[in-house]
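Architecture at a glance
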Amino acid sequence: METVAIDNRNEFALWAIERAHAIVSDQGTALALAARESGEDAIREAGNALGKEITHALLEVFDGLLPSEASKGLD
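Residues numbered from 1 in each chain as written. Predicted model: local features only at pLDDT ≥ 70, side-chain atom pairs only at ≥ 80, totals over all residues. Heavy atoms only, no water.

Looking only at helices and strands, the chain has three helices and zero strands in total. Helices (α) and strands (β) of the chain occur, in sequence order from the N terminus, as α-α-α. For the chain, the residues scored as buried account for 13% of the 75 residues in total. Look at the contacts in the chain between residues 6 or more apart in sequence, and 44% of them connect residues 24 or more apart. (Helix = DSSP H or I, 4+ residues; strand = E, 2+ residues; numbered from the N terminus. Buried < 20%, exposed > 50% of the residue type's maximum accessible area, 1.4 Å probe, protein only. Contact = heavy atoms within 4.5 Å.)

By the element assignment, arginine 44 lies in helix α2 (residues 40-65). Under the relative-accessibility criterion, arginine 44 is labelled partly exposed at 46%. Spatially, the C-alpha atom of arginine 44 lies 8.5 Å from that of leucine 31, the residues being 13 residues apart in sequence.

Turning next to helix α1 (residues 9-37). An ideal rise of 1.5 Å per residue puts 42 Å on 29 residues; α1 measures up with 40 Å between its terminal C-alpha atoms. Along its length, α1 reaches its greatest deviation from straightness, about 30°, at valine 24. Every buried residue of α1 is listed here: Trp15, Arg19, Ile23, Gln27 and Ala34. For α1, the side-chain oxygen to backbone nitrogen distance between the N-cap and asparagine 10 is 3.0 Å, and the N-cap itself is asparagine 8. (Expected span 1.5 Å × (residues − 1). Bend = angle between axes of the 7 residues up to and from the residue. Polar contact = N/O pair within 3.5 Å; in protein donor to acceptor, adjacent residues only side chain to side chain.)

In the predicted model, the chain carries a mean pLDDT of 82, and 80% of its residues have values of at least 70. Within the chain, no element has a lower average pLDDT than helix α3 (residues 68-72), which sits at 51, and none a higher one than α1, at 89. (pLDDT = per-residue confidence, 0-100.)

Further remarks concern the pattern of salt bridges. For the coordinates displayed, the defined rule picks out four salt bridges. The salt bridge partner of glutamate 53 is arginine 19, with a shortest N-O separation of 3.2 Å. Of this pair, glutamate 53 sits in helix α2 while arginine 19 sits in helix α1, and the two are 34 residues apart along the sequence. Residue arginine 19 is classed as buried on the basis of its relative accessible area of 7%. Note that arginine 36 is salt-bridged to glutamate 37, the shortest N-O span being 2.7 Å. In this pair, the class of arginine 36 matches that of glutamate 37, namely exposed. One salt-bridge network, in which partners are shared between bridges, spans Arg19, Glu53 and Glu60. (Salt bridge = Lys/Arg side-chain N within 4 Å of Asp/Glu carboxyl O.)

What follows is the structure, given as structure tokens:
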């Protein structure tokens, strides 16, 4: 995923909407299909993938809030 510069609240809101849409389109669809067509293991796996993607998005934005010098030490 490419890096996006967010300079104001409106840009952040737009990023959040686009990111949430992508997560729901990919992972939410996989979870719904697993719930409809698969067993508990597949549902659990799809749910975990959804959770990981949400966590990744939150960490992505958090890392963007850190000053450049501070974020270098977290990699």
